[in-house]
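Each chain, written out:
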Amino acid sequence: MTVSPPKPSLGLRSFRTKFMIVVGGAVLFDLLVSGGLALWNVQRLSRDATTQVGQGLEKASQDYIRSSTDSTAAQVGLLLDQVHSDVKALAGVLQAQIDRPIRNDAVGAAMARADPGAVTVSFNMSGNWAQNLPGSPSVVSVWGYLLDKDHHPLPQVQADIETSAVLDLVAPNLLGTGASKLQMYYIGPKERPIFRTTPYTDQAQTFDRLYPGHNDANFWDFFFPGIYESWQQWAQDPASRPVPENITQTAPYTDAITGKLIVSFFHPLWTADRRGVAGIAGTDITLDQLAEIVEHVKVAESGFGFLAMSNGNVVAINAAGEKVIGLRAASDATSKGVTGLDRSLRNSAQNAVASLPLDTDGVVQHIALSENGEDVPYLVVTKQLRPSNLWVNGPVQREVMSLGIVVPEREIYASLIAARQQIAQATNRILIYQILAVLVSLLIVTAAVFAASKRITSGIRALAGAAKRIEAKDYSVRVDIRSKDEVAQAGLAFNRMAEQISFHTENLEKLVAERTEEIEEAKEEISALNTQLKSENLRLGAELDVARHIQMMVLPRATELRAVEHLEIAAYMRPADEVGGDYYDVLQNGRSLKIGIGDVTGHGLESGVLMLMVQSVARALLEAGETDPSKFLAHLNRAIFKNIERTRTDKHLTLSFLDYDGERLTISGQHEDLIVIRQTGEVERIDTGDLGLPVGLESDISRFVDTREISFQKGDLIVLHTDGVTEAENPRGELFGIDRLCQSARRLHGQTAEAVKDGIIEGLMAYIGTQKIHDDITLVVMRHR
C-alpha cells in the first residue's frame, strides 16, 4: 500500500508547526538582534553626543563663572589698590615732616600764620578735651590727658598739632580724586594720640556720645587694642609683618561720626631713626563701596556674589543672596574695641554653606541648598584676593579675603539641558522608526515561512503517516515521495526498513527462543562469578581486620603512658582506611625514654605492615641497649631498607625520635615540624628537615642524620603530629594548616595533656565536618608536669 501526503495539520505537535516555530524563531531572533544592535548603536551615539555636548557646554559655563569671579575680584582689588595708594601718598607727606624737623617747623609756622584756626584749640569743660573751632579744612581733637593744668596742649602735643596741619594741604585733594573715601586723618603716637580728620566734623562730641569713658583711657588701647603693639614689633623687626607691606586694614565696624559700616586703612609713621612708631596716616571707606561692586554681580538670571573674610564673615552680599545662603547675624557682647560686623557663613542655616571651603581658588564646587523644602543644586566658585594685614581685636594678622559667585545649576546649564532634550527627542524618533521597520520585516518573514513550510514538510508528513501504519502493525505500507532531496532518500530508506521488519516479524519466534537460551547461559556464569567475588571479599576483609587489630595492639597502652615519670603523654591515631600507615610509639628502658612518630607513604595494608616493621625494629634496638640517637636511626633504616627490598615495595617513611633522660630532650630524624608551647605561652616550631632523610630510601643514611637538643622545662608542652592533621580539608577544600594547629595548642596550653589532645582533635573534626578524611591522623601531646 502506497501512502500519499496527508492534509496539512497545524497542531502543536506537527512538524510543520515546529518548522515554522524554529525557522520563524531564528529569523525573528536575527531581526531582534540586528534591530537591537541598531537601537543600541543609536542610543550609544545619543549618549556620546550628549556627553560631548555636555562636556563642552559645562566647561564653557564653568569658565564663564570663573571669568565673572576673576573680573569681580579684579574690581575689588583695584578699589583697594586705589585706597592704598592714597593712604601711602598721605603717609609719605607726613613721614617727610617727621624725617625733616627743620622743614616741619617751617611748614607748621607757615600753616599757623595762614590759618591760625588749624593749630589753635579750645578747651571743652564738659568733655575734658580741646578741639579747634569750625572753619578749617580739618578737625583736630586733643584729649584731656594731653593738656596741661591750664588746659593748653603740652609742648610736644602742640608740635604734633602743627606738624599734622599739613593734612589741610594734602587731604582735600586726595579726597577729591581717586577712589571715593569717607575721610582721611592723622592719629598721633600712643603717648600723644591727637586725632586730626578731614573734612571737619564734631569729632570729640560724637565720641563722647557713642563711647562714654573713652577720654579716661588711652585712645589706641580703647579703640584698637593690640594694633599699636604690632606696629612697634614691626619697627624692631620688619620681617615680623604678616604681609610685607605697612598698610593695616581693619575689619568692618560702625563709624562713630557717620554711623556707617566702614573699613579703615592705617599706614604707620615711623620715628626718624625707624625704631619707633610716630603715629599713623589713615583713611576710611564705607562698606557700601565694597558691597556695591559685589552686589552688582549678575551671573545668569539670579546668580550673585559675596565677599567674605577667611573666618567666613561675609562683608558684602545683596539681600537676595543673603536669603539664599541662609546668613544670620551673630553678636558678641564681650568684644573690645570698635563694634564689628558679624555675619558668618559658619552660622548659615544651610549646612552646605556652613561647611563651604573658601581656599579652593577657582574650583567649581557643587552644593545643594534647601528652598521651599526641596534641595536645589548650585555652583559656587571662590577667588582669593591679595593678602593683607588685618586687625580684628588683638595683634595684626594675615588675612586673605575671598570673593564668591553663587549660581543655580538650572540657570548656568540651561543651554546644556536644552541640548540634551533635543538629542533625546531625535533619538526617540529614530527608535520608533527602527521598531516599525522590525515589525514590518517580521510580518513579511512570517508569510514567507508559512508558504515555504507547506512545500518542505509534505514529504515528512508522508513519512509520519507511514510510521503510524507501521505502529499499527501494517508492514505492507510504503511511501511515495517525488522530491529529489534528503526527504526522498529518507522515504527510500523507510521502504527498505519496512521490508526488513516484515521479514524479521515472520521469523521473530525463532529469534526469541535463541536469545532466551543465550541469556540463561549468561545468567549462570554471572551467578558463579558473584559467588566467587563474595568469598574473596570475605577473606580479604578478615585479613584486613586482623592486620588492623595487630596494628592497634602494638600501640602504647594508657598504663604505659601514665607510668612515665615527670611527663604527661596523650596520643590519638585514626587510620584513613582499615589499616593505617602512621607510626607512633613510647618506648622506655630504665631512665631512657624514646618517643617516635612517623608517616609511611600512602595508607592501607602495605603501609600498615611497614609501620609494624618499624615498631618491631625500634623496640629491638632499644632493648639491645642502643642509646645513641644517630646510630639508633641509622641501624633502624638499614633493617627497614633490607625488608623493603625483600618485599619489593616502593614505600618509605618520614621518622623522628625524641630521646629524654629526665634532663635533656634530643630530637633526631626528618618529619613534620615539632611544636613547643612554653610555660609563658610562647610558641616555637622546630624544623626537622635537616635532621635526617626519609627511612627506606637509602641503605645508609648515617651521614644525613643529625641531632638537636631543645629545652623542655616544667609547664612546657610539646605537640607531635603527622601531615594527616595539617592537610585535613574542610568542605571548601581549605587545609587545616600548621598555623591553626599552633593556635589550638596555644589556646589549650595550661591544661592536661589529655585535655589538650582532646581539644585539638575536637577542633580538627569540627573543621573537617562532612568532608572525607583522605589521610591517617596521628597526634601525640607531651606535657612536663
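Residues numbered from 1 in each chain as written. Predicted model: local features only at pLDDT ≥ 70, side-chain atom pairs only at ≥ 80, totals over all residues. Heavy atoms only, no water.

1. A short note on the overall build of the chain
Point 1. Across its full length, the chain holds 21 helices and 28 strands.
Point 2. Residues counted as buried form 45% of the 785 residues belonging to the chain.
Point 3. Expressed as a percentage of contacts within the chain between residues at least 6 apart in sequence, the contacts between residues at least 24 apart total 66%.
Point 4. About 40,300 Å² of surface is accessible on the chain, with carbon and sulfur atoms providing 54% of the total. (Helix = DSSP H or I, 4+ residues; strand = E, 2+ residues; numbered from the N terminus. Buried < 20%, exposed > 50% of the residue type's maximum accessible area, 1.4 Å probe, protein only. Contact = heavy atoms within 4.5 Å. Areas by Shrake-Rupley, 256 points an atom, 1.4 Å probe, with all protein chains shown as cover.)

2. What about the sheet that holds strand S12 (residues 314-317)?
Point 1. Spatially, five strands are ordered S12-S11-S17-S14-S13 in an open sheet, and the strand pairing comes out antiparallel. In this open sheet, the two edge strands, each paired with only one partner strand, are S12 and strand S13 (364-371). On average, each strand axis in the sheet is tilted by 30° relative to the strand beside it, whichever way the strands run.
Point 2. Bridge analysis of strand S14 (residues 374-384) against strand S17 (residues 402-408) gives seven bridges, and the strand direction is antiparallel. Looking at the pairing, Leu379 lines up with Val407 of S17. (Pairing = 2+ DSSP bridges. Axes fitted to C-alpha atoms, helices over the stretch in contact; angles between N-to-C directions.)

3. Considering the sheet that holds strand S24 (residues 674-677)
Point 1. Strands sit in the order S19-S28-S27-S24-S25 across an open sheet of five strands; the sheet is antiparallel. The sheet is open, and its two borders are formed by strand S19 (567-574) and strand S25 (683-686), each paired with just one other strand. Between one strand axis and the next, the sheet turns through 15° on average, direction left out of account.
Point 2. Here S24 pairs with S25 via four bridges, running antiparallel. Looking at the pairing, Ile675 lines up with Arg685 of S25.

4. Focus on the confidence of the model for the chain
Point 1. Within the chain, residue pLDDT values average 83, and 85% of them lie at 70 or more.
Point 2. Overall, residues 331-335 carries pLDDT values under 50, and its contacts beyond four positions in sequence, including any with other chains, amount to one contact. (pLDDT = per-residue confidence, 0-100.)

5. A few points about the packing of helix H20 (residues 738-748) against helix H21 (residues 753-768)
Each packed pair of helices is defined by two parameters, the angle between the axes and the distance between the axes.
Point 1. With their axes 9 Å apart at the nearest point, H20 and H21 run at an angle of 140° to one another. As summarised for this structure, H20 and H21 are arranged oblique, according to the angle between their axes. When you trace H20 past H21, the crossing you get is right-handed. Side by side, H20 and H21 meet where Arg740, Leu741, Ser744, Ala745 and Leu748 of the first sit next to Ala755, Val756, Gly759, Ile760 and Tyr767 of the second.
Point 2. Per-class residue counts for the contact of H20 with H21 are seven nonpolar, two polar and one charged. (Parallel < 35°, antiparallel > 145°, perpendicular 65-115°, else oblique. Left-handed = near helix turned anticlockwise from the far one by under 90°. Nonpolar A, V, L, I, M, F, W, Y, C, P; charged D, E, K, R; others polar.)

6. A few points about the pairing of strand S22 (residues 653-660)
Point 1. Among the eight residues in S22, seven count as buried, and that is most of the element.
Point 2. With eight bridges connecting them, strand S21 (residues 592-600) and S22 associate as antiparallel partners. Residue Asp599 lies in a different strand from S22, and its bridge partner there is Thr654.
Point 3. If you look at the hairpin formed by S22 and strand S23 (residues 665-668), you'll find four residues sitting between the two strands, and Gly662 has a positive phi there, around 100°.

7. Structural notes on helix H3 (residues 155-164)
In an α-helix, one turn spans 3.6 residues, which is why side chains three or four residues apart end up on the same side.
Point 1. For H3, the full list of buried residues reads Val157, Asp160, Ile161, Thr163 and Ser164. Summarising the axial view, the buried residues of H3 lie within an arc of 165°, below the 170-degree limit, and thus occupy one face. (Arc of directions from axis to C-beta.)

8. Let's talk about the side chain of Thr198
Point 1. Relative to the helices and strands, Thr198 is located in strand S6 (residues 195-198).
Point 2. For Thr198, the contacting residues outside a window of four places in its chain are Pro137, Ser138, Leu167, Asp168, Ala171, Pro172, Leu175, Gln183 and Met184.

9. With respect to the packing of aromatic side chains
Point 1. Tallied over the full model, the rule gives 26 aromatic pairs.
Point 2. Aromatic side chains Trp231 and Phe266 sit 6.0 Å apart centroid to centroid with 85° between the ring planes, which places their arrangement in the edge-to-face category. Taken together, the positions of Trp231 in helix H7 (residues 227-236) and Phe266 in strand S9 (residues 261-270) put the pair 35 residues apart, joining distant regions of the chain.
Point 3. Judged by its relative accessible area of 0%, Trp231 falls in the buried class.
Point 4. Phe266 sits in the buried class, given a relative accessible area of 1%. (Phe/Tyr/Trp six-rings, centres within 6.5 Å; stacked < 30°, edge-to-face > 60°.)

10. Focus on the packing of helix H17 (residues 605-623) against helix H18 (residues 629-647)
Point 1. At a closest axis distance of 10 Å, the pairing of H17 and H18 adopts a crossing angle of 140°. You can see that H17 and H18 cross each other, and the crossing is right-handed. Touching Leu610, Met613, Val614, Val617, Ala618, Leu621 and Leu622 of H17 are Phe632, His635, Leu636, Ala639, Ile640, Asn643, Ile644 and Thr647, all from H18.
Point 2. Residues belonging to the contact of H17 with H18 are distributed by class as follows: twelve nonpolar, three polar and no charged.

11. Some details on the pairing of S6
On a regular strand, each side chain points to the face opposite its neighbour's, so the side chains alternate between the two faces of the sheet.
Point 1. Because side chains alternate across S6, one face comprises the buried residues Phe195 and Thr197, and the other comprises Arg196 and Thr198, equally buried.
Point 2. Looking at chain direction, strand S4 (residues 139-143) and S6 are connected through three bridges and run antiparallel. Note that in S6 the partner of Ser141 across the bridge is Phe195.
Point 3. Bridge count between strand S5 (residues 183-187) and S6: four bridges; the pairing is antiparallel. Residue pairing in the sheet places Ile187 in a bridge with Phe195 of S6.

12. Focus: the pattern of salt bridges
Point 1. In this structure the tally under the stated criterion is 21 salt bridges.
Point 2. One salt bridge in this structure joins Arg192 and Glu191, with 3.7 Å as the shortest N-O distance.
Point 3. Take Arg192: its relative accessible area is 18%, and that puts it in the buried class.
Point 4. It is possible to trace a salt-bridge network through shared partners that takes in Asp160, Glu191 and Arg192. (Salt bridge = Lys/Arg side-chain N within 4 Å of Asp/Glu carboxyl O.)

13. A look at the environment of Gly305
Point 1. Here Gly305 shows up in strand S11 (residues 304-308).
Point 2. Relative accessible area serves as the criterion here: at 0%, Gly305 is assigned to the buried category.
Point 3. Placed eleven residues apart in sequence, Gly305 and Ala316 show a C-alpha to C-alpha distance of 8.3 Å.
Point 4. In contact with Gly305, other than residues within four places in its own chain, are Val294, Val297, Ala316, Ile317, Gly404 and Ile405.

14. Things to note about the side chain of Arg783
Point 1. Summarising the element assignment, Arg783 is placed in strand S28 (residues 777-784).
Point 2. Using a relative accessible area of 19% as the deciding quantity, one classes Arg783 as buried.
Point 3. Polar contacts involving the side chain of Arg783 include one to the main-chain carbonyl oxygen of Gln751, which spans 3.3 Å.
Point 4. Sequence-distant contacts of Arg783, defined by excluding residues within four places in its chain, comprise His566, Leu567, Glu568, Phe712, Asp716, Leu717, Gly750, Gln751, Thr752 and Ala753. (Polar contact = N/O pair within 3.5 Å; in protein donor to acceptor, adjacent residues only side chain to side chain.)

15. Describing the environment of Val166
Point 1. Tracing the sequence through the fold places Val166 in the loop between H3 and helix H4 (167-176).
Point 2. Residue classification places Val166 among the buried positions, given a relative accessible area of 6%.
Point 3. Through-space distance from the C-alpha of Val166 to that of Ala110 is 9.8 Å; in sequence the pair is 56 residues apart.
Point 4. The contacts of Val166, once residues within four sequence positions are left out, are Val93, Leu94, Gln97 and Val107.

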